[in-house]
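# Examination of the molecular architecture
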Amino acid sequence: MLTHNLKKSNGDVFLYYERVSENAYIFAHWVGRQDLDTVRRGGYAYLDLMKEQACAKLLNSHKELIGPWDIATDWISTYWTPAAVTLGLRYMAQVLAPGVYGQMSFHQLHQRIGNLLEIKMFENEKDAIEWLNGLPEPNNSTVLHN
């Protein structure tokens, strides 16, 4: 597994992400405060991984996320989610942020994208991984590629 990271202009890492062995799922771990720029950069990084090789499952961890990120909800719901679904994403395990603002941001997003893919929320990564590993592998022959 090769872990990638993305940094803010001040050098702080805001996202660690990787394709877990044998393409089981993409793991993304968000750190600190996020804004529209960081969310877009992270979202494009996921899409690049999915363009290289389709992956139906995403573990999106906000366990170290601080504060709200609802400024990015429009972009995620109108651009990123449809693009990710087109590239084969079917399941998202969401580890919720410890703070109420991050949780509220995700609940707002979930209302907007919950009909596009199966999303389940978790308090920890262990339970999220167990759920993802228990899901069936979708037929990737139906995945559309650009």
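Shown above is the structure to which this text applies.
My aim in this report is to walk through the structure given alongside it, one point at a time. (Residues numbered from 1 in each chain as written. Predicted model: local features only at pLDDT ≥ 70, side-chain atom pairs only at ≥ 80, totals over all residues. Heavy atoms only, no water.)

## Overview of helix α1 (residues 36–52)
Residues spaced three or four apart along an α-helix face the same direction, because each turn holds 3.6 residues. Between its first and last C-alpha atoms α1 spans 24 Å; for 17 residues at 1.5 Å apiece the expected length is 24 Å, and the two agree. Lining the buried residues of α1 we find β1 (4–7), β2 (13–19), β3 (26–32), β4 (57–65) and α2 (73–86). Its side-chain oxygen 3.0 Å from the backbone nitrogen of D37, D35 forms the N-cap of α1. (Helix = DSSP H or I, 4+ residues; strand = E, 2+ residues; numbered from the N terminus. Expected span 1.5 Å × (residues − 1). Contact = heavy atoms within 4.5 Å. Polar contact = N/O pair within 3.5 Å; in protein donor to acceptor, adjacent residues only side chain to side chain.)

## Describing unusual backbone geometry
Residue E22 is not a glycine yet carries a positive backbone phi of 60°. Structurally, the position occupied by E22 is in the loop between β2 and β3. We classify E22 as exposed; its relative accessible area is 82%. Of note, N23 is a non-glycine position whose phi angle comes to about 55°, a positive value. Residue position: N23 is located in the loop between β2 and β3. (Buried < 20%, exposed > 50% of the residue type's maximum accessible area, 1.4 Å probe, protein only.)

## Regarding the environment of Y91
Counting through the fold element by element, Y91 comes out in strand β5 (residues 91–95). With 54 residues separating them in the primary sequence, Y91 and D37 have C-alpha atoms 24 Å apart.

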